[in-house]
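# A closer look at the structure
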Amino acid sequence: MTTLAADQDIACDIFCAVVDNFGDIGVCWRLARQLRAEHGWRVRLFVDDLTAFHALCPQVDATLARQDALGVTIEHWRAPAHAGDTLAIADVVIEAFACELPHAYIAAMARRDPKPVWINFEYLSGEDWVADFHKRPSPHPRYALDKSFFFPGLGAGTGGVLKERDLDARRARFDADAWWHERVGIERPGGEATVVSLFAYENPAVDGLLAQWRDADAPVVLLVPEGRISGALARFFGIPAFAAGASARAGALRAHALGFVEQPLFDELLWAADINFVRGEDSFVRAQWAMKPFVWHIYPQADDAHVPKLDAALAHYTRTLQKSARDAVARFWHAWNGAGMPDWAEFRAHRHTLERRAVKWAAELEDIGDLAGNLVAHVAARMAR
Ligand code: TRH
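Calculation notes
Residues numbered from 1 in each chain as written. Predicted model: local features only at pLDDT ≥ 70, side-chain atom pairs only at ≥ 80, totals over all residues. Heavy atoms only, no water. UniProt positions renumbered as here; feature names shortened; annotations may be inferred. Helix = DSSP H or I, 4+ residues; strand = E, 2+ residues; numbered from the N terminus. Rg over C-alpha atoms; globule rule 2.2 N^0.38 Å. Buried < 20%, exposed > 50% of the residue type's maximum accessible area, 1.4 Å probe, protein only. Contact = heavy atoms within 4.5 Å. Pairing = 2+ DSSP bridges. Axes fitted to C-alpha atoms, helices over the stretch in contact; angles between N-to-C directions. Polar contact = N/O pair within 3.5 Å; in protein donor to acceptor, adjacent residues only side chain to side chain.

- Per an unreviewed UniProt entry, the recorded name for the protein chain is Protein-arginine rhamnosyltransferase, and the organism is Caballeronia fortuita.
- Per UniProt, the comment on the protein chain under Sequence similarities (unreviewed entry) is "Belongs to the glycosyltransferase 104 family."
- What UniProt records for the protein chain under Catalytic activity (unreviewed entry) is the sentence "dTDP-beta-L-rhamnose + L-arginyl-[protein] = N(omega)-(alpha-L-rhamnosyl)-L-arginyl-[protein] + dTDP + H(+)".

Listed below in structure tokens is the structure:
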């Protein structure tokens, strides 16, 4: 593997357009911080939606054109043509999720000597084709620029997923009792209760699932970050809103609404729960590092283009499970993504098997290497050509 010299000063520009929600900036911000903190790169992050960014990092002031946060320079990418006050082109340029760089910036890249390493950074998918396309050249139609694909993935030969070096240590230090007092204002539930975190899009299956939890034999404690699913909770409990700080009870189900917290604190919610419902891309990855059973609400795409991605993730994650557990997980995930009604009792019956699998799966994922480290190695290889 080619490596960058320890003292090599690398400047990196990341361009991020927020399509919706928090995943685009969530992934880019995590990557930016990691390249800065763990690899010493000088990172400038261009983002077109600072309001979404502010939710993940309250330090970010949505009114500023340029600012620094956690060692990363943040530029408000105000218009497609906007390329920063100076056209100082970085050594490494990351175009996140095919967001299209400003033309003036591309032209300046072509004039630069040496040419920057341009990375086409894609969405995560566990599909098999990803390993074939990962690191392949992606020639520019007009300029002779060094552009290549970088694909996050769940299997060997892909870019892997992001994982900070201190994540496991942070998880080991996590004080669950203190967290329940501070965040929920109650004692940590004990005994028979199953704690479930619920971060999801609007979901037609949620009413049926809430009813199953209400009617369950054992208590279910539900933690719901305020967001797109909150309206369904309010309707279910017959209350006007289910905003941060609200609690409600029905049968065996007790639910607590939580405020949206800055990104590093999101992991704690996953560590505090027994089973995590996550969505999109970044929370899906964090649930895997939390080493708990989880359910994925995948970001829905036109023409059901997301279904093969869901199945590919299932294939990786459930690979070593016995058929009954594998089928139960697949049925539950499919139902949560629009095909059928989720069967909580069936899913929960496999809880201990899934807890063991979650630990092993995290180790398998770790074998691919951390995405930021893999990206640094890929850049080093391109620079050495
Ligand atoms: O928000 P998401 O649904 O994001 C997306 C986008 O919709 C995007 O366009 C799409 O392409 C992508 O998914 C696949 O889900 P995701 O990716 O899980 O991002 C949520 C982020 O919000 C994640 O970084 C965790 C963070 N978060 C917090 O920081 N604090 C919180 O309290 C919560 C609930 C989440």
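Once the structure has been displayed, the description carries forward.
## Quick look at the overall build of the protein chain
- From N to C terminus, the protein chain includes 15 helices and 13 strands.
- Over its C-alpha trace the protein chain gives a radius of gyration of 22 Å, about what one expects of a compact globule, namely 21 Å for 385 residues.
- Judged by the C-alpha coordinates and their principal axes, the protein chain covers about 70 × 45 × 40 Å.
- A burial count over the protein chain gives 56% of its 385 residues as buried.
- Looking at the protein chain alone, contacts between residues at least 24 apart form 67% of all its contacts between residues at least 6 apart.

## Remarks on the sheet that holds strand β10 (residues 247-250)
- Here we have 6 strands laid out as an open sheet, ordered β10-β11-β9-β8-β12-β13, and mixed in their pairing. Looking at which strands have only one partner, the edges of the open sheet turn out to be β10 and β13 (294-297). Averaged over all neighbouring strand pairs, the angle between strand axes comes to 15°, with direction disregarded.
- Strand direction decides the pairing type here: strand β12 (residues 275-279) and β13, joined by 4 bridges, are parallel. Directly across from valine 278, in β13, lies its bridge partner tryptophan 296.
- Along the sheet, helix α12 (residues 323-336) makes contact with β8 (194-198), β12 and β13, crossing β13 at roughly 35°.

## Things to note about the side chain of histidine 134
- With respect to the helices and strands, the residue histidine 134 is situated in the loop between α4 (129-133) and β7 (146-150).
- In terms of polar contacts, histidine 134 uses its side chain to reach the backbone amide nitrogen of glycine 159, at 3.4 Å.
- Contacts of histidine 134, omitting those with residues within four sequence positions, involve Phe149, Phe150, Phe151, Gly157, Thr158 and Gly159.

## Topic: the environment of valine 221
- The topology assignment puts valine 221 in strand β9 (residues 220-225).
- Residues valine 221 and alanine 273 lie 52 residues apart in sequence; the distance between their C-alpha atoms is 8.9 Å.

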